[in-house]
Amino acid sequence: MTLTTAQLTGLTVSFGVVALVALALAVGSHLRLSRMRHRFAVLWAGGETDVATLAAGQERRLVALAEQVETVRDDVHGVRRDLRQSLRNVAVVRYDAFGDMGGRLSFSCAVVDDEGDGLVISSIHARGESRTYAKGIVGGSSEITLTPEEQEALSAARGGPVRSTTRTTAPTTARERR
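Residue numbers run consecutively from 1 along every chain, following the written order of its sequence. Restriction of local features to residues with pLDDT of at least 70 applies here, the model being predicted, together with a cutoff of 80 or more for giving and counting side-chain atom pairs; totals for whole chains, interfaces and linings are based on all residues. The side-chain values count all of the structure's non-hydrogen atoms but skip hydrogen atoms and water molecules.

By definition, any uninterrupted DSSP run of H or I lasting at least four residues is a helix, any uninterrupted run of E lasting at least two residues is a strand, and each is numbered from the N terminus. Of regular secondary structure, the protein chain possesses 4 helices and 4 strands. The helix and strand sequence of the protein chain, counted from the amino end, reads α-α-β-β-β-β-α-α. Expressed as a percentage of contacts within the protein chain between residues at least 6 apart in sequence, the contacts between residues at least 24 apart total 39%. With an accessible surface of roughly 12,700 Å², the protein chain has 61% of that area assigned to carbon and sulfur atoms. In this analysis, two residues are considered to be in contact whenever any of their non-hydrogen atoms come within 4.5 Å of each other. The Shrake-Rupley method, run with a 1.4 Å probe, gives the accessible areas here. Residue values count only the displayed protein chains as cover.

Okay, here's the thing in structure tokens:
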């Protein structure tokens, strides 16, 4: 079977078109591959590491981070426990201890932690002298009887309402100033 020149020309043009289409597809694939390699160059550490090694390294980092998070969680728990035990709840009640004295120079100050442990300090001011007393507080109460002003200071320091007593004209508490 012999082909004519017209047939050979048509066949050549067809192969040329197929070759150009194949070349265009190859160039397009090469460009897409180049873009993809560029995007993942950071993940592949510049192409020097394979994906499996990279994934193993990432897992080691995640395990280390999980351990650090657990350590931070334990530290925060310890800080919260310490904070509950810190003497940070304070209230002061000023009053006139004696009817003939003015200026509310006597005071009772309660300093307790969140559990109600701490102390109450009272200072009674008279004309010729001043006396200071300290009473220990455990669980919100004392073995020694508390005066009404000391009870008021303790109640205010523990977050309770400030009651007005007969000797107190205007209680001054740290909680009222906050």
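Now that the structure is up, let's keep going.
Once that is clear, we can look at the pairing of strand E2 (residues 106-112). Burial classes: relative accessible area under 20% of the type maximum marks a residue as buried, over 50% as exposed, and values in between as partly exposed (1.4 Å probe, protein chains only). Most of E2 is tucked away, with 6 of its 7 residues classed as buried. As paired elements, strand E1 (residues 89-95) and E2 share 7 bridges and run antiparallel to each other. The residue of E2 that forms the bridge with Val90 is Val111. DSSP calls a pair of strands paired once it identifies at least 2 bridges connecting them. Examined bridge by bridge, E2 and strand E3 (residues 118-125) share 6 bridges and lie antiparallel to one another. Bridged to Phe107 within E3 is Ser123. If you look at the hairpin formed by E2 and E3, you'll find 5 residues sitting between the two strands, and Gly116 has a positive phi there, around 90°.

We count a salt bridge whenever a side-chain nitrogen from Lys or Arg sits within 4 Å of a carboxyl oxygen from Asp or Glu. In the structure shown here, the tally under the stated rule is 4 salt bridges. Arg73 is the partner of Glu70 in a salt bridge, and the nearest nitrogen-oxygen pair spans 3.0 Å. In this pair, Glu70 and Arg73 both sit in helix H2 (residues 51-84), 3 residues apart, roughly one turn of the helix. On the basis of relative accessible area, Glu70 is assigned to the partly exposed category, the value being 36%. For Glu150, the salt bridge identified is with Lys135, shortest N-O distance 2.8 Å. On the criterion of sequence distance, the pair formed by Glu150 in helix H3 (residues 148-157) and Lys135 in strand E4 (residues 130-137) is long-range, its members being 15 residues apart. Under the relative-accessibility criterion, Glu150 is labelled buried at 2%.

With 34 residues, H2 extends 49 Å between its outermost C-alpha atoms, agreeing within 8% with the 50 Å of an ideal straight helix rising 1.5 Å per residue. Of the residues making up H2, those classed as buried are Leu54, Gly57 and Gly78. Between the first and last residue of a helix there are one fewer steps than residues, each counted as 1.5 Å, and that sum is the expected span.

Attention now moves to the pairing of E4. Consecutive residues of a regular strand have side chains that alternate between opposite faces of the sheet. Pairing geometry for E3 and E4, over 8 bridges, is antiparallel. Directly across from Ser123, in E4, lies its bridge partner Thr132. Where E3 folds back onto E4 in an antiparallel hairpin, the turn is made up of 4 residues.

Let's shift gears to the sheet that holds E1. Consider a sheet: its strands pair through backbone hydrogen bonds, and that pairing is either parallel or antiparallel. Pairing within the open sheet is antiparallel, and its 4 strands lie in the order E1-E2-E3-E4. Each edge of the open sheet is held by one strand with a lone partner, namely E1 and E4. If you compare each strand with its neighbour and ignore which way they point, the axes differ by 10° on average. Geometry is summarised by axes, namely lines fitted to C-alpha atoms with helices restricted to the contacting stretch, and by angles between N-to-C directions that run from 0 to 180 degrees. Helix-sheet contacts for H3 involve E1, E2, E3 and E4, and the interaxial angle to E1 is about 150°.

Turning our eyes to something else, we now look at the nonpolar core. Only buried Ala, Val, Leu, Ile, Met, Phe, Trp, Tyr and Cys residues count toward a nonpolar core, and they belong to the same one when joined by side-chain atoms within 4.5 Å. Counting residues in each nonpolar core, the largest one holds 13 residues, and the members touching the most others are Ala110, Val112, Ile137, Leu154 and Ala157. Contributing elements (two or more residues each) for this core: E1, E2 and H3. What Ala110 contacts, discounting residues up to four positions off in sequence, is Asn89, Val90, Ala91, Leu119, Val120, Ala153, Leu154 and Ala157.

It is worth spelling out a nonpolar patch on the surface at this point. Patches here: salt-bridge-free residues with over 30% relative accessible area, like charges joined within 9 Å, nonpolar side chains (Val, Leu, Ile, Met, Phe, Trp, Tyr) joined within 5 Å. There is a patch of nonpolar side chains on the surface, built from Met1, Leu3, Leu8, Leu11 and Phe15 and spanning about 590 Å² of accessible area. According to the relative accessible area criterion, Leu3 is partly exposed, its value standing at 42%.

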